[in-house]
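Each chain, written out:
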Amino acid sequence: MVSKETIEKAYEAAKARYAEVGVDTDAVLEKLQNVKISMHCWQGDDVRGFLTPDGELTGGIMSTGNYPGAAHTPEELRADLEKAYSLIPGKHKLNLHAIYLDTDEAVDLNEIEPKHFEKWVRWAKEQEIGLDFNPTFFSHPMMRDGFTLSHPDKEVRDYWIEHGKRSRRIAEYFGKELGETCYTNFWVPDGFKDNPIDRLAPRKRLMESLDEIFSEEIDEEYNVDTVESKLFGLGAEAYTVGSHEFYMGYGLTRQKTILLDAGHFHPTEVISNKISSLALFSKRLMLHVSRPVRWDSDHVVIMDDELQEITKEIVRNDLLDRTAIGLDFFDGTINRIAAWVVGTRNTQKALLKAMLEPTQDLKDMENQFDFTSRLVLTEELKDFPYSDVWNYFCFKNNVPVGFDWFKEVKDYEAKILAERH
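Please read all numbers here as calculations on a predicted model, not as lab measurements.

*Asks:* Could you give me a rundown of the packing of aromatic side chains, with the residues and numbers involved?
*Replies:* Tallied over the entire structure, the rule returns 24 aromatic pairs. Relative to Tyr239, the ring of Phe192 has its centre 5.8 Å away and its plane inclined at 35°; by these criteria the two rings are tilted. Of the two residues, Phe192 is situated in strand β5 (residues 191–192) and Tyr239 in strand β7 (residues 239–240); the sequence distance between them amounts to 47 residues. When the ring centre of Tyr222 is taken as origin, the NZ or CZ atom of Lys176, which lies over that ring, is 5.4 Å away.

Okay, here's the thing in structure tokens:
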């Protein structure tokens, strides 16, 4: 365990170093303290949820691995989340999917109500965190032939439209109860495995279904609707109805927030390069920070180049107040609590690194076409002691510094997770 004196001494040295390039680390940490990451619930149980007694839902999404200790009840999941939050500096949010309702009542997705999530709201108040929400348009018998909101059968579409409407009312309930805006994200996996003849009609049906879902006015103080695109998915390799172009057009014409998922594009595309363009035309953005490996495989977020580019775009362009940052990955091959902590802390670290840049100086160099100075400064900054600033941030937030957090996870695994079957 690193001593208080060592942490503070290292921070003071780092503070002086950053001051040489005009960066106030105290102000940076105050800014970082106010950034809330929306941590996703589905990492904790491999996207099973609690809609059915066995949680064995299939179709549209998939997690791999059989590491022991997955949560099988809402109580277990909340306990695991509490452990993860205790190891992450700051107060954040939780992103819930509709299948994570907590009720003894037998209820289907087109019947869910705020009362089925009262326990989550009560817990969120105790934890002093906000809640975000997602309708669940997958892993259900009414996902027929690989389609939901764009299915040619009106009965199928109506089922999912009702689910979408009820999801927005639940989100409004979250916002009112917790005093914090709930972001409700709409993603549907509809698509064809092989080449379709008609690409237009399914998209028209999806557009009309969404229009019907959003026809009820809900104050954005409580709920903000977001729409999420995807390039392809399992069983929809040739054509996805909700493509990037579809949702970019839909979001901008319907004043809905566009969500960019880091794994939902072509392997050579990155969302960091899309942020500045969308920021010009949309008052808000939402991100799902994930890590694709060759495709949208939702690996745990590591400190890679794209994560750092994403956070640089947000910070350099002063978009923090307009960008909701959520996580989206699920890995059942490793300790699930460790996955949450690694991904969330890395996202915070990347934001910190971006905030520790002398952004205005770098922009001035660029505007003066002084590319030499820009290159030299950006390269030298890579060697600056950002980790000492991060360690101090963890220390000030009373969470473990360095490897110490993993010791707590391993202890929790031995005492709690090992007892689960």
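*Asks:* Before we move on, can you summarise helix α8 (residues 272–281) with the specific residues and values?
*Replies:* Every buried residue of α8 is listed here: Ser272, Lys274, Ile275, Leu278 and Ala279. Around the axis of α8, the buried residues are gathered within 135° of arc, so they sit on the same side. In α8, the exposed residues that point more than 90 degrees away from the buried face are Asn273, Leu280 and Phe281. Against the buried residues of α8 lie α7 (244–254), β8 (257–261), β9 (285–289) and α9 (305–316).

*Asks:* Any details on unusual backbone geometry? Residues and values, ideally.
*Replies:* If you check the backbone angles, Gln255 has positive phi at about 55° while not being a glycine. For Gln255, the location among the structural elements is in the loop between α7 and β8. By relative accessible area, which is 58% here, Gln255 ends up exposed. The backbone of Arg294 sits at a positive phi, close to 75°, despite the residue not being glycine. Of note, Arg294 is situated in the loop between β10 (291–293) and β11 (295–299).

*Asks:* So, the side chain of Asp261: which residues are in play, and what are the values?
*Replies:* Assignment of secondary structure puts Asp261 in strand β8. Here Asp261 sits buried without a salt bridge, and the closest side chain of opposite charge, Lys230, lies 7.5 Å off (N-O distance). There is a polar contact of 2.7 Å between the side chain of Asp261 and the backbone nitrogen of Gly263. Those residues in contact with Asp261, other than ones at most four positions away along the chain, are Glu228, Ile271, His288, Ser290, Asp296 and Asp328.

*Asks:* Requested: an account of the packing of helix α1 (residues 4–19) against helix α13 (residues 386–396), with residues and values cited.
*Replies:* Where α1 contacts α13, the two axes come as close as 8 Å, and the packing angle between them is 130°. Taken together, the axes of α1 and α13 are oblique relative to one another. In this structure, the crossing between α1 and α13 has a hand that is left-handed. Judged by residue contacts, Lys4, Ile7, Glu8, Ala10, Tyr11, Ala14 and Tyr18 of α1 engage Tyr386, Asp388, Val389, Asn391, Tyr392 and Phe395 from α13. Its residues assigned to classes, the contact of α1 with α13 shows nine nonpolar, one polar and three charged.

*Asks:* How would you sum up α7? Please name residues and give values.
*Replies:* Within the sequence span of α7, burial applies to His244, Phe246, Tyr247, Tyr250 and Gly251. Down the axis, α7 shows its buried residues gathered within 155° of arc, on one side only. Against the buried residues of α7 lie α6 (200–213), β6 (223–228), β8 and α8. The positive-phi residue at the C-terminal boundary of α7 is Gln255, with phi of around 55°.

*Asks:* Go over empty space enclosed by the protein with me, naming the residues and quoting the values.
*Replies:* This structure, assessed with the given rule, holds two cavities of 30 Å³ or more. In this structure, the largest cavity occupies an estimated 50 Å³ of space. Forming the boundary of the largest cavity are Gly44, Tyr67, Pro68, Gly69, Ala70, Asp80, Asn335, Arg336, Ile337, Trp340 and Leu417. Among the elements that line the lining of the largest cavity, the one with the most residues is helix α10 (residues 336–355), at three residues. Classifying every residue of the lining of the largest cavity gives six nonpolar, three polar and two charged. By volume, the second largest cavity amounts to about 40 Å³. Taken together, Leu231, Phe232, Gly263, Phe265, Pro267, Arg294, Trp295 and Asp296 form the lining of the second largest cavity.

Cut-offs applied
Residues numbered from 1 in each chain as written. Predicted model: local features only at pLDDT ≥ 70, side-chain atom pairs only at ≥ 80, totals over all residues. Heavy atoms only, no water. Phe/Tyr/Trp six-rings, centres within 6.5 Å; stacked < 30°, edge-to-face > 60°. Helix = DSSP H or I, 4+ residues; strand = E, 2+ residues; numbered from the N terminus. Lys NZ or Arg CZ within 6 Å of the ring centre and 35° of its normal. Buried < 20%, exposed > 50% of the residue type's maximum accessible area, 1.4 Å probe, protein only. Arc of directions from axis to C-beta. Contact = heavy atoms within 4.5 Å. Lys, Arg positive; Asp, Glu negative; His and termini not counted. Salt bridge = Lys/Arg side-chain N within 4 Å of Asp/Glu carboxyl O. Polar contact = N/O pair within 3.5 Å; in protein donor to acceptor, adjacent residues only side chain to side chain. Axes fitted to C-alpha atoms, helices over the stretch in contact; angles between N-to-C directions. Parallel < 35°, antiparallel > 145°, perpendicular 65-115°, else oblique. Left-handed = near helix turned anticlockwise from the far one by under 90°. Nonpolar A, V, L, I, M, F, W, Y, C, P; charged D, E, K, R; others polar. 1 Å grid on protein atoms, 1.4 Å probe; cavity = no way out; pocket = protein on both sides within 12 Å on 5 of 7 lines; lining within 4 Å. Points joined across faces, edges and corners; volume = space filled by probe spheres on them.

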